[in-house]
Amino acid sequence: MEYEAVIGLEVHAQLLTDSKAFCSCTTHFGDEPNTHTCPICQGMPGTLPVLNRKALEYTVRMAVACNCKISQQSRFARKNYYYPDLPKNYQISQYELPVAEGGIVEIETEEGSRKISLTRIHMEEDAGKLIHDENKPVSYVDLNRTGVPLIEIVSEPEIRTPEEAAEYLRSLRAILVYLGICDGNMQEGSFRCDANVSVRPRGETGLGVKTELKNMNSFRNVQRGLQYEIERQIEALKEGEKIVQETRLFDPSSGATAPMRSKEWAHDYRYFPDPDLLPLRVAPEMVEKIREELPELPAQKKKRFVEDFEIPAYDAGVLTAEPDLAAYFEETVRLFTEPKAVSNWIMTELMRELKGEETGISSCPVTPKQLADLLRSVKDGTISGKIAKTVFEEMYATGKDPAAIIEEKGLVQISDSEHLAELVRKALDDNPKEVEKLLAGKKKLMGFFVGQVMKATKGKANPKLVNEILSAEVAKRGG
Ligand SMILES: [Zn+2]
C-alpha cells in the first residue's frame, strides 16, 4: 500500500517591536538575564497589561500580506499551564477569536506554484527561558523574553512533503522579513516551527493520528525531522501498530524523533477570555492604511525580476529571498546592465564568500559598484573570467577596487596575438606525441594545449584568442 503524508505547520514569529506586548520593557536580545522585567511581565498580582499598538499593527501587516480575513473584533485569552519560566501560570494568547483567519502563502514546487491555505494568525506573548547548568543539577530562569510579542501562523494540513514544508517556511520567513516585522532568525528563536504530521493510504481523505514535532531550528532540520517521522509512522502502520498522538522532540545529532510527552488537548489549557484586556477592535481605516503602505513582497519581486531582467525563476527566487540581497542585485544591474552575468556572479562567487556570515549581504565588503566594475573588466577583455575570480577573492578580503588589484598584481590579460602565437607554437613543439594524436583525430587534446599556454602565462592569456590561434596552427599542421 502506498502512503502519503499530511503536514500542517505552526510558526511562531517574534515581532520586531522595541517594547514587549503588554508592558514597556525592552525586547532587546542577548543582555544580562532578568534585566528587562517589570511587575507586569513578571506576572505580579494586581498589575494590568496594556496592548502594544505596534505589535497589533505588525500582526495586521502580516495578515494583509497573506490575504487573511481580519476580524472586526477579536479577543485575548488565557492559556493556562504551569512551567517554571511562566510566573503568571498562564500565557496571554488568542483562542476562539483570533485577529485573522484564512489567507494563503504561495510556494514553488517542482510541479509549479502551489497555494497553501492558512487557518489563522493570532497574537500571543512569549514565555521566559530556562538555562540548565551543565555541571550542577540546577536550572536558572531568565524572564527577559517573557511577554515579548509573537504571532502564531497556523497552516491548514495541505503540505504533503518535507520539501514543501521547507519551501513554505522559506516563503513565510521571506514575507515576514520583507514586511520588516520579524528578523527571521531561526538560531535565536525569533522564527520557530512546530509540525503536525500524520500519514494515510494514498487516495484516502480522512486524517490519520498525528504527532507534533518540536525542536527543529533550521529549514534543513524541519525537512530531516519530517522525513524521519513520516517513515517511522509508515513503518508502524505496516507493522499493524497504532500511532499514538503525542509531542515528539527532534534530535539534530541523530536525525531521529523521540516521544516527549503525550499530546495535550486544547481543553487541557482551560482557555478563557482574559478579563484584564478589552476585546480588540481593529479599525478598518488602520487595515486600509496598512494595505496601502505594504512594500513589494517577495513573490511580486520575484515575478518582476523574471520579467524585467529575463533571469530564470530559480535565480530570481534565490536573489529575492532577502530584501538586502535583492537590492544589491538591482543596484549592480543598474551599473552593469547584464542581469544574467550579475546574477551568476552573485549566486556563485559572492554567495560562496558570504557562506557562514550570519549577517548575509550586509557584511559584504564589495560594493555593487565594485562588482559592476569587475564584470566590466571581464567584458572588455582586460582580464579573463578565471582571473576575475582571483581578483574577486582579493576584493572581498581587502575591500579594494578591482582596477587597483589588477594593476598591483599585474593581472591584465594577454591579448597580444604575436606573443600568444609564439606560446602556442612552443606548446605544440614541446609535445610532439600529443600533436600526433591530435592530428589523428583526438580533438580533446585541444584543451591540453590551451592549458599549456595558460600555464605559461599564469592564467593571463586571453582564452578565446588562444583557442583561435591554436585552431589555425593545428589546421596548418594538417589537423
Ligand atoms: Zn515588563
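The sections below set out a description of the structure shown in this document. (Residues numbered from 1 in each chain as written. Predicted model: local features only at pLDDT ≥ 70, side-chain atom pairs only at ≥ 80, totals over all residues. Heavy atoms only, no water.)

**Here we look at the overall build of the chain**
Here's step 1: Counting its secondary structure elements, the chain contains 15 helices and 17 strands.
Here's step 2: Taking 2.2 N^0.38 as the reference for a compact globule, 479 residues should give roughly 23 Å; the C-alpha atoms of the chain span a radius of gyration of 29 Å, well beyond that estimate.
Here's step 3: Its C-alpha atoms give the chain principal-axis dimensions of roughly 95 × 55 × 50 Å.
Here's step 4: Here the contacts in the chain between residues at least 6 apart in sequence split such that 68% fall between residues at least 24 apart.
Here's step 5: Carbon and sulfur atoms form 52% of the exposed surface of the chain, whose accessible area is close to 24,600 Å².
Here's step 6: When the 63 positive and 76 negative side-chain charges of the chain are each reduced to one mean point, those points stand 3 Å apart. (Helix = DSSP H or I, 4+ residues; strand = E, 2+ residues; numbered from the N terminus. Rg over C-alpha atoms; globule rule 2.2 N^0.38 Å. Contact = heavy atoms within 4.5 Å. Areas by Shrake-Rupley, 256 points an atom, 1.4 Å probe, with all protein chains shown as cover. Lys, Arg positive; Asp, Glu negative; His and termini not counted. Charge placed at Lys NZ, Arg CZ, Asp CG, Glu CD.)

**A short note on the coordination of the zinc ion**
Here's step 1: Every protein donor of the zinc ion is accounted for by Cys23 (SG), Cys25 (SG), Cys38 (SG) and Cys41 (SG), and the metal-donor separations fall at 2.3 to 2.4 Å.
Here's step 2: One can describe the site at the zinc ion as tetrahedral: its four donor atoms subtend angles covering 102 to 114° at the metal.
Here's step 3: For the zinc ion, the donor residues sit on a single chain with the sequence spacing C-x1-C-x12-C-x2-C. Here Cys23 is found in the loop between strand E1 (3–14) and helix H1 (53–65), whereas its partner Cys41 is found in the loop between E1 and H1, with 18 residues between them in sequence. (Donors = N, O, S within 2.8 Å, 3.2 Å for Na, K, Ca; no water. Tetrahedral: all angles 85-135°; square planar, octahedral: opposite > 155°, others 65-115°.)

**So, a negative patch on the surface**
Here's step 1: Residues Glu231, Glu235, Glu239 and Glu241 make up a contiguous surface patch of negative charge.
Here's step 2: Mapped onto the secondary structure, Glu235 falls in helix H3 (residues 219–238).
Here's step 3: Accessibility expressed as a relative area gives 45% for Glu235, which makes it partly exposed. (Patch = residues over 30% accessible without salt bridge, like charges linked within 9 Å, V, L, I, M, F, W, Y side chains within 5 Å. Salt bridge = Lys/Arg side-chain N within 4 Å of Asp/Glu carboxyl O. Buried < 20%, exposed > 50% of the residue type's maximum accessible area, 1.4 Å probe, protein only.)

**Structural notes on H3**
Here's step 1: With 20 residues, H3 extends 29 Å between its outermost C-alpha atoms, agreeing within 8% with the 28 Å of an ideal straight helix rising 1.5 Å per residue.
Here's step 2: Along H3, the positions that sit buried rather than exposed are Phe219, Asn221, Val222, Gly225, Leu226, Glu229, Ile230, Gln233, Ile234 and Ala236.
Here's step 3: On its buried face, H3 sits against E1, helix H2 (162–179), strand E12 (191–201), strand E13 (211–214), strand E14 (246–251) and strand E15 (256–262).
Here's step 4: Among the residues trailing H3, Gly240 stands out with phi positive, at a value near 80°. (Expected span 1.5 Å × (residues − 1).)

**With respect to a positive patch on the surface**
Here's step 1: Taken together, the side chains of Lys433, Lys437, Lys442 and Lys444 define a basic patch exposed on the protein surface.
Here's step 2: On the secondary structure map, Lys433 appears in helix H13 (residues 432–439).
Here's step 3: Judged by its relative accessible area of 65%, Lys433 falls in the exposed class.

**Quick look at the side chain of Lys79**
Here's step 1: For Lys79, the location among the structural elements is in strand E4 (residues 77–80).
Here's step 2: Despite being buried, Lys79 has no salt bridge partner; Glu124 is the closest side chain of opposite charge, sitting 5.4 Å away.
Here's step 3: Residues within four places of Lys79 in sequence aside, it is in contact with Asn89, Tyr90, Gln91, Ser93, Tyr269 and Tyr271.

**Notes on the pairing of E15**
Here's step 1: Sheet topology places E14 next to E15; six bridges connect them, and they run antiparallel. The residue of E15 that forms the bridge with Asp251 is Ala256.
Here's step 2: Two successive antiparallel strands, E14 and E15, enclose a turn made up of four residues, where Gly255 displays a positive phi of approximately 75°. (Pairing = 2+ DSSP bridges.)

**Examining the sheet that holds strand E5 (residues 90–93)**
Here's step 1: With respect to topology, three strands assemble into an open sheet ordered E5-E4-E16, the strand pairing being antiparallel. Every other strand in the sheet has two partners, leaving E5 and strand E16 (272–273) as the edge strands with one partner each.
Here's step 2: One ladder, built from four bridges, connects E4 with E5; its direction is antiparallel. The residue of E5 that forms the bridge with Asn80 is Tyr90.

**Observations regarding the nonpolar core**
Here's step 1: Ranked by internal contacts, the top residues of the largest apolar core, which has 64 residues, are Met62 and Tyr168.
Here's step 2: Considering every element that reaches this core, the biggest residue donor is H1, with eight residues.
Here's step 3: Look past the residues within four positions of Met62 in its chain and what remains in contact with it is Ile121, Ile151, Ile153, Leu172, Ile175, Leu176, Leu179 and Ile181.
Here's step 4: Ranked by size, the runner-up nonpolar core spans 34 residues in total, among them Tyr178, Phe329, Cys364 and Phe392. (Core = buried A, V, L, I, M, F, W, Y, C linked by side-chain atoms within 4.5 Å.)

**Observations regarding the pairing of E12**
On a regular strand, one side chain projects to one face of the sheet and the next to the other, so that they alternate.
Here's step 1: Across the 11 residues of E12, 10 count as buried, placing the element largely inside the fold.
Here's step 2: Relative to E13, E12 runs antiparallel, the two sharing three bridges. Note that in E13 the partner of Asn196 across the bridge is Glu212.

**What about the packing of aromatic side chains?**
Here's step 1: According to the stated counting rule, one finds 11 aromatic pairs in the structure shown.
Here's step 2: Aromatic side chains Tyr95 and Tyr271 sit 3.9 Å apart centroid to centroid with 5° between the ring planes, which places their arrangement in the stacked category. Of this pair, Tyr95 sits in the loop between E5 and strand E6 (100–101) while Tyr271 sits in the loop between E15 and E16; the two residues are 176 residues apart in sequence, bridging distant segments of the chain.
Here's step 3: On the numbers, 5.3 Å between centres and 85° between planes, the contact of Phe309 with Phe329 is edge-to-face. In this pair, Phe309 is assigned in helix H5 (residues 298–309) and Phe329 in helix H7 (residues 323–335), connecting sequence segments 20 residues apart. Take Phe309 and Phe329: they sit in the same class, and that class is buried.
Here's step 4: An aromatic cluster is present here, built from Tyr81, Tyr95, Tyr269 and Tyr271 joined pairwise through their rings. (Phe/Tyr/Trp six-rings, centres within 6.5 Å; stacked < 30°, edge-to-face > 60°.)

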